[in-house]
Each structure stands twice: as C-alpha cells, then as structure tokens.
Amino acid sequence: MSHLIVFDLDGTLTRQRGGFELLHTLYGTTPEAETLMDQFEAGEITFAEWCRGAVDVWRANNVTKSDIERATRAVKPKAGAVDLLEHLQQTDLQFGILSAGVANLAKRFEPYEPAFVRGNWLRFEDSRISGIDVGVGPDEKGELLREIRTRQSPTSITYIGDSHTDTEAFVEADTAMLFDPDERIPERAIDAADTIIERGDMREMRKYILTI
C-alpha cells in the first residue's frame, strides 16, 4: 500500500463535533446523555458502558434503524471535505476513517471509497436499535493505528484529527495534522501535531497532501 491518510470523523470530516451528542440532540435524550457523561467522567462507568447506556436510552425512546439512517443522510460534511476526498480518488493515496464516535454516521463518505471505517457500530434487530459494537475508545486510536499499520503495511501514515481523542494517533502517525481544533484540545495533542490548521476548510489541506 502507498501512503495512507487516516481521518477522524466527528469535527474533522463532519461539522458536528460528536456523533453521540448529535443523536442525543435529535432524539431529545440530552438530559440522559449528561447523566451518562457525568458518570463516565467520574470513573463510575467505562467507555463501553457509556456507549451501551446511550443505546439503552435510545431503545427506550423507540429509536429505529430508519431514524439512524435519516440522521446519517443529514450529516453535514466539513467545508471542503468533499473536494478533498474527490481529489484523493484521483490519486494513488488511500484514506480510512478512525472514529471514537458512531461509525454508522460515516456512511455519508462511502462514495469516496475509504479503505476502512473503524468506530463504534450501532446494531439493529427488527428495525429497532438493539446494541452497539464498541470498537474504538477515546484513548485507543494510537494502538489501533499501529494495528492498521501492521495489517495494511502503508509506506507511511498521515493522521488528521481535531480533538483530545486523537492525541495517541498523533503520536503514532508519521505525520500528524491538527485541523480546526476543538476548544478542549489538550497541550499534548498540540505538541504532537506536525501541522496545525486553524481554519475549518479542508481545502487548506491539499497543499500539504500534495507534498506527500
């Protein structure tokens, strides 16, 4: 495999900063989401339990597969994201998506042929949400990027992200790009980034990617 570009999803390829937060907002379950977040931040539940708790809340509110599909179609790409991915399709550069959010929301980017989409996948049974396969935690992207490197053997990896969940991936990647940083971005992530792009337009990246 040639050079591989790996994108975070929420806040990087998409305008929303968090897929779980987006779905809680759409389905009116923000109060329950805040309770779960308080428990997670207090160390009372694990990330996997936090994810399953969100699914339990949505199931109790009769969220269906059609609801999630509508939300997926409503996902707004970041400014310039489509142009950048179309550009990548015309090169020999491959890209993948590595998200600690709801991986189903990456469906919007399937037409651009990602090499992989890794994240937390919602499951359905009889058209109702039934569970979640927790595949990417907020501190696991470095480990998963090493796994991807071993499996796909790219010549090098560029990782592009915007938040604290990308810190370990920045450290692991050969080249790290911090794009449109979240206001909660830690100093460690900033220090690990090779390039910082403050503007929220992915067309800004083309001049860097063209030099790869």
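Residues numbered from 1 in each chain as written. Predicted model: local features only at pLDDT ≥ 70, side-chain atom pairs only at ≥ 80, totals over all residues. Heavy atoms only, no water.

- Taking an unreviewed UniProt entry as the reference, the protein chain is identified by name as phosphoserine phosphatase belonging to Haloarcula rubripromontorii.
- According to UniProt, the comment filed for the protein chain under the heading Cofactor (unreviewed entry) is "Mg(2+)".
- According to its UniProt record, the protein chain has this under Pathway (unreviewed entry): "Amino-acid biosynthesis; L-serine biosynthesis; L-serine from 3-phospho-D-glycerate: step 3/3." (UniProt positions renumbered as here; feature names shortened; annotations may be inferred.)

**Topic: the pairing of strand 4 (residues 128-133)**
Then comes step 1: The pairing of strand 3 (residues 117-125) with strand 4 spans five bridges and is antiparallel. Opposite Phe124, over in strand 4, you have Ile129 as the bridge partner.
Then comes step 2: A loop of two residues connects strand 3 with strand 4, the two strands running antiparallel in sequence, and Asp126 in this loop sits at a positive phi of about 55 degrees. (Pairing = 2+ DSSP bridges. Helix = DSSP H or I, 4+ residues; strand = E, 2+ residues; numbered from the N terminus.)

**As for the side chain of Asp162**
Then comes step 1: Topologically, Asp162 is positioned in the loop between strand 5 (157-161) and helix 8 (167-172).
Then comes step 2: In this structure Asp162 comes out as buried when scored by relative accessible area, which is 1%.
Then comes step 3: In this structure the side chain of Asp162 is engaged in a polar contact, spanning 3.3 Å, whose partner is the side chain of Thr12.
Then comes step 4: When near neighbours in sequence (up to four residues on either side) are disregarded, Asp162 contacts Asp8, Asp10, Gly11, Thr12, Arg17, Leu178, Phe179, Asp180, Pro181, Asp182 and Ile185. (Buried < 20%, exposed > 50% of the residue type's maximum accessible area, 1.4 Å probe, protein only. Polar contact = N/O pair within 3.5 Å; in protein donor to acceptor, adjacent residues only side chain to side chain. Contact = heavy atoms within 4.5 Å.)

**Looking at the pairing of strand 6 (residues 175-179)**
Then comes step 1: The buried fraction of strand 6 is high, at four of five residues.
Then comes step 2: At this point the chain moves from strand 5, through helix 8, to the parallel strand 6, and the crossover so formed is right-handed.
Then comes step 3: Where strand 6 and strand 7 (residues 195-197) come together, three bridges link them in parallel fashion. Paired with Leu178 across the two strands is Ile196, which belongs to strand 7.
Then comes step 4: Handedness of the crossover joining strand 6 and strand 7 through helix 9 (residues 187-192) is recorded here as right-handed. (Right-handed = clockwise from strand over helix to strand, strands pointing away.)

**Focus on the packing of aromatic side chains**
Then comes step 1: Tallying each qualifying case throughout the model produces seven aromatic pairs.
Then comes step 2: Centre to centre, the rings of Phe47 and Trp50 are 5.5 Å apart; their planes meet at 25 degrees, and the pair counts as stacked. Here Phe47 and its partner Trp50 are both found in helix 4 (residues 47-60), three residues apart, which amounts to about one turn of the helix. For the pair shown, Phe47 and Trp50 are each scored as buried.
Then comes step 3: A network of ring pairs unites the aromatic residues Phe20, Phe40, Phe47, Trp50 and Trp58 as a single cluster. (Phe/Tyr/Trp six-rings, centres within 6.5 Å; stacked < 30°, edge-to-face > 60°.)

**Remarks on the pattern of salt bridges**
Then comes step 1: Summed over all chains, the structure comprises 19 salt bridges.
Then comes step 2: When the shortest N-O distance is used, the salt bridge between Arg151 and Glu147 registers 3.5 Å. Of this pair, Arg151 and Glu147 both sit in helix 7 (residues 141-152), separated by four residues, roughly a single helical turn.
Then comes step 3: A relative accessible area of 26% places Glu147 in the partly exposed class.
Then comes step 4: Here Arg188 ties to Glu168 by a salt bridge, and the two come within 3.1 Å at their closest N and O atoms. In this pair, Arg188 is assigned in helix 9 and Glu168 in helix 8, connecting sequence segments 20 residues apart.
Then comes step 5: A single network of salt bridges, built from pairs that share partners, joins Arg17, Lys78, Asp162 and Asp180. (Salt bridge = Lys/Arg side-chain N within 4 Å of Asp/Glu carboxyl O.)

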